[in-house]
Amino acid sequence: MSDRYSNSEQLLERALKSIPLGSQTFSKSITQFPHGVSPYFARNAKGARLWDVDGNEYIDFINGLLSVSIGYADEAILKAVKQQIDSGVTFSLSHQLEVEVAEKLIDLVPCAEMVRFGKNGSDSTSAAIRLARAYTRKDVVLVCGYHGWQDWYIGSTTRNLGVPNVIRDLTLAFKYNDIASFDALIEQHKGKIAAVIMEPMNVEYPAPGFLEHIRRVTKDENIVMIFDETITGCRFANGGAQELFNVIPDLATFGKGIGNGFPLSAVMGKKEIMSLMEDIFYSGTFAGETSSLAAANVVLDKVKHDGVCDHLEKLGLELKKRVLELIAQHGLGDYLDCVGHPSWSFLIFKGCDGITPFEMKTLYMQEMFKVGILTFGSHNLSFAHTKEDIDTLLKFYEEFFILLAECLKSGQLSDRLECDVLVPLFKVR
């Protein structure tokens, strides 16, 4: 047992007896954090910082898997939530907050004419697919990106255990920025496709004309175009990637950017499609739960009036620029890259002869955790991050790049590892 993470590892051992993988969330589990060099349990967090159960302090670049977009324990958000809790959380009737937050989303998001809430991104993406199938009276779905744990999507991935073949056969994946792969599926399943659901951007920027081509084809073929903006919504721009790229889908799903860690998601879009919510069955006791709506009410005001997205972009542009400069300075351009939107960028490990990308990533996480940087390779920025946080991150990046260059020169990295190498289990992007 490690000294630095002893309490975390003891809790993990205990958790594994009662919780599969020891975590409620795949991305927070032992599959994603190398054992022996990682924290597993948080104690508290404030702003852009998190403390684990061993008292170690981190600048957090994971931020609740991008759900903490404003910052941990933001005072204005907590004040609104506490006031609402004093009045009640879940009621026997609907609450005014449901209307207020829906109206704010309609004001912000270009495609939004009506809104329904859920708790997780999977709730809203699944609702969007059911709406599309009801609207078009067709069954096949084309996907691009990650869209949650429900059968209709996860059956198209390698994590398809437990999903019947009859469901798996209805969902087909195409490659991002590959018009030919998209068009081939359109032709192969002509007249049968209900929806195209996609992340409008994740690692790569859309190639010129790519999103516009999908928009044209879906209109021509009576296919519902859905942007899964669970991450990009209220992050890439106030109204999401659809605003940034000026490509307006029929439906969109928002999630992580609207609750600052409180569980809330939303499906929204054209009234003629959303009105079918009156006929399909999409209903949850806690969809109108008011503590999360109270948080979103404040978050959406901050997004509209406080320059949240501008702040994320400004910091992220500086971060990407300086990371790429460091990579070039240390002669690591063949082995590393930094890509993605400034508010959600990725350090890419390419590997080389004798050293795999996952060996590089494992060493990276090991070294970053030691110095108080919580990351697994992405830069999930929040409104609470400062230039000083970026400077600190880059200081430790330079130290890691020097170490990595030494490993590459010697052709040996494994002797620097204090744990087993991460195993690639599930690639979603």
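Residues numbered from 1 in each chain as written. Predicted model: local features only at pLDDT ≥ 70, side-chain atom pairs only at ≥ 80, totals over all residues. Heavy atoms only, no water.

(A) Fine view of the packing of helix α14 (residues 308–329) against helix α16 (residues 387–410). At a minimum axis distance of 10 Å, the contact between α14 and α16 shows a crossing angle of 20°. If you check the angle between α14 and α16, you find them roughly parallel. For the crossing formed where α14 meets α16, the hand is right-handed. Residues L315, L319, R322, V323, L326, I327 and Q329 of α14 touch α16, and the partners they reach there are K387, I390, D391, L393, L394, Y397, E398 and F401. Across the contact of α14 with α16, the residue classes break down as 10 nonpolar, one polar and four charged. (Axes fitted to C-alpha atoms, helices over the stretch in contact; angles between N-to-C directions. Helix = DSSP H or I, 4+ residues; strand = E, 2+ residues; numbered from the N terminus. Parallel < 35°, antiparallel > 145°, perpendicular 65-115°, else oblique. Left-handed = near helix turned anticlockwise from the far one by under 90°. Contact = heavy atoms within 4.5 Å. Nonpolar A, V, L, I, M, F, W, Y, C, P; charged D, E, K, R; others polar.)

(B) Region of interest: the packing of aromatic side chains. Enumeration over the complete set of coordinates arrives at 14 aromatic pairs. A ring pair is formed by Y176 and F210, whose centres lie 5.1 Å apart and whose planes are at 65°; its orientation type is edge-to-face. Pair noted here: Y176 is in the loop between β6 (171–173) and α8 (179–188) and F210 is in helix α9 (residues 210–220), with a separation of 34 residues, a long-range link. Residue classification places F210 among the buried positions, given a relative accessible area of 1%. The rings of F349, Y364, Y397, F400 and F401 are connected pair by pair, giving a single aromatic cluster. (Phe/Tyr/Trp six-rings, centres within 6.5 Å; stacked < 30°, edge-to-face > 60°. Buried < 20%, exposed > 50% of the residue type's maximum accessible area, 1.4 Å probe, protein only.)

(C) Representation of the side chain of R215 in the model. Counting through the fold element by element, R215 comes out in helix α9. Reaching out from R215, the side chain makes a polar contact with the backbone oxygen of I248 at a distance of 3.0 Å. Not counting the four nearest positions on each side in its chain, R215 is found in contact with I223, M225, V247, I248, P249 and D250. (Polar contact = N/O pair within 3.5 Å; in protein donor to acceptor, adjacent residues only side chain to side chain.)

(D) Broad picture of the pairing of strand β3 (residues 57–60). In terms of strand pairing, strand β2 (residues 49–52) meets β3 through three bridges, oriented antiparallel. Looking at β3, one finds that W51 is bridged to E57. Between β2 and β3, which follow one another and run antiparallel, lie four residues, and G55 among them has a positive phi close to 85°. Of the pairings in the sheet, the one linking β3 to strand β13 (residues 373–374) comprises two bridges and is parallel in character. Opposite I59, over in β13, you have I373 as the bridge partner. (Pairing = 2+ DSSP bridges.)

(E) The domain arrangement of the protein, seen in detail. What the domain assignment lists for the protein is domain 1 (5–60 + 308–416) and domain 2 (75–306). In this complex, domain 1 contributes 15 residues to the contact, which on the side of domain 2 involves 17 residues. Roughly 1300 Å² is buried in total at the junction of domain 1 and domain 2, and carbon and sulfur atoms are behind 64% of that figure. Per-residue buried area on domain 1 facing domain 2 is highest for C309, H341 and W344; these three make up 44% of the total on that side. Connecting domain 1 to domain 2 are zero salt bridges. Taken together, the elements giving at least two residues each to the side of domain 1 that touches domain 2 come down to α14, β11 (336–341) and β12 (344–349). Grouping the amino acids of the side of domain 1 that touches domain 2 by side-chain chemistry returns 10 nonpolar, four polar and one charged. (Domains from an automatic or database assignment. Buried area = accessible area lost by both parts, 1.4 Å probe. Salt bridge = Lys/Arg side-chain N within 4 Å of Asp/Glu carboxyl O.)

(F) Inspection of a nonpolar patch on the surface at higher detail. Residues L16, L21 and I30 make up a contiguous nonpolar surface patch of about 210 Å² in total accessible area. In this fold, I30 is placed in the loop between α1 (6–15) and β1 (42–46). On the basis of relative accessible area, I30 is assigned to the partly exposed category, the value being 31%. (Patch = residues over 30% accessible without salt bridge, like charges linked within 9 Å, V, L, I, M, F, W, Y side chains within 5 Å. Areas by Shrake-Rupley, 256 points an atom, 1.4 Å probe, with all protein chains shown as cover.)

(G) How the structure looks around the sheet that holds β3. If you walk across this open sheet you meet the four strands as β1-β2-β3-β13, and the pairing is mixed. Looking at strand neighbours, the two that pair on one side only are β1 and β13, the edges of this open sheet.

(H) Structural context of the sheet that holds strand β8 (residues 224–229). Pairing is mixed across the open sheet formed by seven strands, whose spatial order is β4-β10-β9-β8-β7-β5-β6. Two strands lie at the open edges of the sheet, namely β4 (114–118) and β6, each paired on one side alone. The sheet shows a mean angle of 20° between the axes of neighbouring strands, taken without regard to direction.

(I) Here's a closer look at α16. End to end, α16 covers 35 Å across 24 residues, agreeing with the expected 34 Å (1.5 Å per residue, within 8%). Three or more residues of α16 are buried, namely D389, I390, L393, L394, F396, Y397, F400, F401, L403, L404, C407 and L408. Looking one or two residues beyond α16, the residue adopting positive phi is G411, at roughly 75°. (Expected span 1.5 Å × (residues − 1).)

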